[in-house]
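Observations on the model geometry
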Amino acid sequence: MREMGVPEHVREDVLGTPSDKILVLDEKTVKTYFSGDLPYRYEWINNKCSRLADQERERIQNYSNRISIARSASEVKFSKTEWADYNALEKKQDDEGKCRTQILEQSRAAAYERFFHEQPNDFGSHNFARWSEATRYLGKKFYELMSEEKFDEDTSATQSELKRDATASAPEILLFDNPSNRRVVSSIGLISTPRPSPEFIRRVVKALEDAWGKHSDGNGTTNWRWNKSEFSAALSHEPTSATGAFLQLTIDGK
């Protein structure tokens, strides 16, 4: 608590609360001491990552305001010089964001290693058998699955869909029907958490090959394919998305 900036009087209250009691901090205390970044950390990250001077920050804000007022990008009345200035400032702003993200990831990894005495990884607690075992959903009725496991249903699209988010031990699972056989699983999508490590990818491929045999197609580096009597499957490493690269497995029943 001291390392995370918890003030002494709050630490004393917390440590003085018996295990059979509950301490609820009042709203003023929470807003005063636990809202936003730690001040010293905020300043440290700013010093590390700041790329824009105060005047530049003011200029890009003015440009952004003018863009937000316009109804479309084509209606923004920037001169050629202003566009060049805006693009240069936007690049600096992007560099700041990338720097902050990198520092946060590095500091979290360092904290994990300090407290658990091992380097963090994305495969230690993952159950890789979940990837090949997903074929058991093929042909199952939605209502049966929802009575057995926790899924969220989406019926807004042309296909009905069941979804369960990824966890540390399992990938995100998407189950789809088709128009000719509604609310019965006909295809499956499995998606890893963002930026899977090379070791994570290797273990997924091994788990699938242990269950289904050597992949029959694909380059064996960024995509792998299997063609079985009951289903076909394609594993691919997708390099870009809003949150980072990910691993996706698509299984289609036959």
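Before going further, it helps to spend a moment on the overall build of the protein chain. Along the backbone of the protein chain there are eight helices and seven strands. In terms of overall dimensions, the protein chain is more spread out than a globule: its C-alpha atoms have a radius of gyration of 25 Å, far above the 18 Å expected for 254 residues. Principal-axis analysis of the C-alpha atoms places the extent of the protein chain at approximately 65 × 65 × 35 Å. Here the protein chain holds 254 residues, and the buried ones make up 30% of them. At a minimum sequence separation of 6, the contacts of the protein chain that also span at least 24 residues come to 50%. For the protein chain, the exposed area adds up to about 16,900 Å²; of that, 50% sits on carbon and sulfur atoms.

Another aspect to go through is the packing of helix α4 (residues 54–69) against helix α5 (residues 80–116). One way to put it is that α4 packs onto α5 with a least axis distance of 10 Å and a crossing angle of 110°. Considering their axes alone, α4 and α5 lie roughly perpendicular with respect to each other. At the point where α4 passes α5, the crossing takes the left-handed sense. Residues E56, R57, R59, I60, Y63, R66 and I67 of α4 touch α5, and the partners they reach there are E82, D85, Y86, L89, E90, K92, Q93 and E96.

This next bit is on the packing of helix α3 (residues 39–49) against α5. Interaxial distance between α3 and α5 falls to 9 Å at its minimum, and their mutual angle equals 130°. Classified by the angle their axes make, α3 and α5 are oblique. The handedness of the crossing between α3 and α5 comes out as right-handed. Residues R41, W44, I45, N46, K48 and C49 of α3 form the contact with α5, whose own contacting residues are E96, C99, R100, I103, L104 and S107. Here the contact of α3 with α5 is composed, by residue class, of six nonpolar, two polar and four charged.

A few words on α3. Restricting attention to buried positions, one finds in α3 the residues I45, N46 and C49. Viewed along the axis of α3, the buried residues span an arc of 105°, placing them on a single side of the element. Pointing more than 90 degrees away from the buried face of α3 are the exposed residues P39, Y40 and N47. In this fold, the buried residues of α3 make contact with α5.

As a further point, take the pattern of salt bridges. As enumerated under the stated definition, the model contains 18 salt bridges in all. Between E153 and R183 there is a salt bridge, with its nearest N and O atoms 2.9 Å apart. Taken as a pair, E153 in strand β1 (residues 152–154) and R183 in the loop between β3 (172–176) and β4 (187–191) lie far apart in primary sequence, 30 residues in all. Note on E153: relative accessible area 30%, which makes it partly exposed. Each of the salt bridges in this network shares a partner with another, and the network as a whole consists of R136, E149 and R164.

The rules behind the values
- Residues numbered from 1 in each chain as written.
- Predicted model: local features only at pLDDT ≥ 70, side-chain atom pairs only at ≥ 80, totals over all residues.
- Heavy atoms only, no water.
- Helix = DSSP H or I, 4+ residues; strand = E, 2+ residues; numbered from the N terminus.
- Rg over C-alpha atoms; globule rule 2.2 N^0.38 Å.
- Buried < 20%, exposed > 50% of the residue type's maximum accessible area, 1.4 Å probe, protein only.
- Contact = heavy atoms within 4.5 Å.
- Areas by Shrake-Rupley, 256 points an atom, 1.4 Å probe, with all protein chains shown as cover.
- Axes fitted to C-alpha atoms, helices over the stretch in contact; angles between N-to-C directions.
- Parallel < 35°, antiparallel > 145°, perpendicular 65-115°, else oblique.
- Left-handed = near helix turned anticlockwise from the far one by under 90°.
- Nonpolar A, V, L, I, M, F, W, Y, C, P; charged D, E, K, R; others polar.
- Arc of directions from axis to C-beta.
- Salt bridge = Lys/Arg side-chain N within 4 Å of Asp/Glu carboxyl O.

What is shown is where atoms sit, not what they do.
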